[in-house]
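# What the coordinates show
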Amino acid sequence: MKHKPASDTIRAQQAAALAQLPFDDTRDFDDADRGFIAALEPGFVQNDAGEVVWDNDSYAFLEGEAPVTVHPSLWRQSQLVAKQGLYEVVEGVYQLRGLDLSNMTIVEGDTGIIVIDPLISTETAAAALALYRAHRGARKVVAVIHTHSHVDHFGGVFGVTSQAEVDAGTVQIIAPEGFVEHAVAENVYAGTAMARRAGYMYGAALERGPQGAVGAGLGQTTSTGVIGMIVPTLEITTTGETHTVDGVEIEFQMAPGTEAPSEMHFYFPRYRALCMAENATHNLHNLLTLRGAVVRDPHVWSQYLTEAITRYADRTDAVFASHHWPTWGRANIVEFLSVQRDLYAYLHDQTLRLVNRGYTAAEAAENFEMPPALEQAWHTRGYYGSVSHNVKAIVQRYLGWFDGNPARLWPHPPAALAARYVDAIGGIDRVVELAQAAFDSGDFRWAATLLDHAVFVDEHHEAARALYADTLEQLAYGSENGTWRNFFLSGATELRVGNFGTPTKTTAPSMLAQLSPEQLLDAIAIKIDGPKAWDLDLAFAIVLTDLDRRFRVTLRNGVLIYLEDGAGAVELTLRLTKGRLLALLGGDSTSAGVESDGDASVLERLLGVIDPGDESFDIVTP
């Protein structure tokens, strides 16, 4: 795909950023290199079929000064995040970085090792463990700790252990309370939409280079290998809860409702090392991730950081997290955690101050000012979360989508609104003409708004598509935020070469297998095509033979309702295992393992109104 050069507007913006930000502060580079032992060479990972599922070498271009097509601050962050290999945090604690979106940390015990956050994919986790063992010895895995319920912190578990080892009791799986429920719900209920949008967010389909993907701020991108899950054998429920694993004492701090609904920090007294999960990283995090999620609470986030400082700072020599590089030394640790704490508290409090003065979400985001101390700290920069979309998220959390203006209560949907705007402006060619003038003047935000309307009126209008792609590309070049850059470039890519679908899918079989019966039935209810099911009135029973549980299920008025051991007549009874029910819903209606009694057409009618979703739904076109 042919890229365009940076405009004069973007060149001027990059020059201004170079002058305004403290690029002479290189301490992060020293910390990111500290403790380096060895890199994976070559720096890519393949699956059993020989397909590359992770390629850190593709970021080798991240050298020297920033090109004008990349915000210099994002270029700096990408250089840091792309560093790859095995690192010593303190003697006995090691990190594998640059081998996936997240880090994998290994803590050495008396006889084996504790693995923290085994990356996204089986293949990358296995490669990381092999690199560790090549330099620290073939130590056995005795436990796996998941800091929280996002897939980049548990998906690679089968690369470091097996279900058989867990079942045999030789490996513990430790996670915070609610881990399975939240991990499964997030990736299944709205999983199709989230995964499609994540393709934009992480730039998974983008070519890599100074005019393409340079990273996502938190990490470079997502691996594309096999995702798995093993149910925890130990759930942590209480702050102060202490467990000893292979001779290593671990003290836990609960932090639910922060970066993930199920999350925890923990401290290792033997190593005077504190793991902050994903709540204190070297950037501003998301309060509402652009792929979509429940809005996070910056108020409790800041409170848990205060609690961590109070409980652990005086006895900690190193702080590490699930992304980025560690921080060493008590004074540095207190400063780092305190500034991170102030960041989320300030966002929360000042957004609500503006809201209470009558600002809408867009107005609050546009007028929000960070204090100089936070503006100049590299680890508060908006490489992953941005001040703009985090402020809007806080408004959404408290007030919802409606800004109070009645004219905005019932607007037309995008395509209908676009048609009216384009007609009012004077037709699509006039819209493109105005957009070209905006583009030429450097007002890319206005050009994008105009062209969004144009393409929603006629998605095949060549001039509109071409200029829209050029506009999004310029917005990408100017973005300090890695995920904004990826969104803009992904939109430009689909306008130029077509829909790339969903590169990374999170609904792995081992994850679906962890759905509780209730979650599985909820997932079916979400997939019912309501209008197609309006005239159906079905009552049937599902008996899960492996769990010895029976549910009476009804489908009426397009709504699927279930009740365990529910009374009432049924037209059909299905007896099968939960796994066979998953296969049935996946389209396998002929394999053995299903016993039925009653009217077989009930199942046919049910399956006939299930909508599986669309993994390639359009985003920048109607």
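Here is a short report on the structure shown in this document. Worth saying up front: this structure is predicted, and the values here are computed from it rather than measured.

Here is what the cut-offs are and how they apply
- Residues numbered from 1 in each chain as written.
- Predicted model: local features only at pLDDT ≥ 70, side-chain atom pairs only at ≥ 80, totals over all residues.
- Heavy atoms only, no water.
- Salt bridge = Lys/Arg side-chain N within 4 Å of Asp/Glu carboxyl O.
- Helix = DSSP H or I, 4+ residues; strand = E, 2+ residues; numbered from the N terminus.
- Buried < 20%, exposed > 50% of the residue type's maximum accessible area, 1.4 Å probe, protein only.
- Pairing = 2+ DSSP bridges.
- Axes fitted to C-alpha atoms, helices over the stretch in contact; angles between N-to-C directions.
- Contact = heavy atoms within 4.5 Å.
- Arc of directions from axis to C-beta.
- Polar contact = N/O pair within 3.5 Å; in protein donor to acceptor, adjacent residues only side chain to side chain.
- Parallel < 35°, antiparallel > 145°, perpendicular 65-115°, else oblique.
- Left-handed = near helix turned anticlockwise from the far one by under 90°.
- Nonpolar A, V, L, I, M, F, W, Y, C, P; charged D, E, K, R; others polar.

### Comments concerning the pattern of salt bridges
With the rule as written, the count across this model stands at 26 salt bridges. Notably, a salt bridge pairs Arg315 with Glu251, separated by 3.2 Å at the nearest N-O pair. Of this pair, Arg315 sits in the loop between helix H8 (298-312) and strand E15 (318-320) while Glu251 is found in strand E12 (residues 248-254), placing the two residues 64 residues apart along the sequence. Since its relative accessible area comes to 29%, Arg315 is described here as partly exposed. On the basis of relative accessible area, Glu251 is assigned to the buried category, the value being 11%. The shortest N-O distance in the salt bridge between Asp317 and Arg272 comes to 2.8 Å. With Asp317 in the loop between H8 and E15 and Arg272 in the loop between strand E13 (264-268) and strand E14 (273-275), this residue pair connects regions lying 45 residues apart in the sequence.

### Quick look at the sheet that holds E14
The 6 strands are arranged E11-E12-E13-E14-E15-E16 in an open sheet whose pairing can be described as mixed. Edge positions in the sheet fall to strand E11 (242-245) and strand E16 (327-328), since each has one partner strand and no second. Bridge analysis of E14 against E15 gives 3 bridges, and the strand direction is parallel. Each bridged residue has a counterpart across the sheet, and for Ala273 the counterpart in E15 is Ala318.

### Description of the sheet that holds strand E1 (residues 36-38)
What the 8 strands build is an open sheet, ordered E1-E4-E5-E6-E7-E8-E9-E10; its pairing is mixed. Of all strands in the sheet, those with a lone pairing partner are E1 and strand E10 (234-236), marking the two edges. Strand-to-strand twist across the sheet, computed as the mean angle between neighbouring axes with direction ignored, equals 25 degrees. Two elements, E1 and strand E4 (residues 85-90), share 2 bridges in a ladder whose sense is antiparallel. Each bridged residue has a counterpart across the sheet, and for Ala38 the counterpart in E4 is Leu86. Contacting E1, E4, strand E5 (93-97), strand E6 (104-108), strand E7 (112-116) and strand E8 (140-145), helix H4 (residues 122-136) runs over the sheet at an angle of about 40 degrees to E6.

### A closer look at helix H21 (residues 578-585)
Note: α-helices contain 3.6 residues per turn, so residues at a spacing of three or four share the same orientation. Inspection of H21 places Lys578, Arg580, Leu581 and Leu584 among the buried residues, and these make up the whole buried set. Buried residues of H21 fall within an arc of 160 degrees about the axis and therefore sit on the same side. Tucked into the core, H21 has its buried residues touching helix H19 (517-527), strand E17 (537-544), strand E20 (572-576) and helix H22 (601-607). Within two residues after H21, Gly587 carries a phi angle of roughly 115 degrees, on the positive side.

### Topic: the side chain of His282
Note on placement: His282 falls in the loop between E14 and H8. Among the residues examined, His282 registers a relative accessible area of 5% and is labelled buried. For His282, the side chain forms a polar contact with the main-chain oxygen of Trp325, separated by 3.0 Å. The contact partners of His282, leaving out residues within four places of it in the chain, are Asp28, Gln77, His324, Trp325, Pro326, Thr327, Phe336, Trp378, His379 and Tyr383.

### Some thoughts on the packing of helix H16 (residues 462-477) against helix H17 (residues 482-497)
Look at H16 against H17: their axes get within 8 Å of each other, and the N-to-C directions meet at 160 degrees. By the angle between their axes, H16 is roughly antiparallel relative to H17. Here H16 runs over H17; the crossing is left-handed. Along the contact surface, H16 presents Arg465, Tyr468, Ala469, Asp470, Leu472, Glu473, Leu475, Ala476 and Tyr477, while H17 presents Arg485, Phe488, Leu489, Gly491, Ala492, Glu494, Leu495 and Arg496. The residue inventory of the contact of H16 with H17, partitioned by class, reads 10 nonpolar, 1 polar and 6 charged.

Fair warning: the whole summary comes from geometry, so function is off the table for now.
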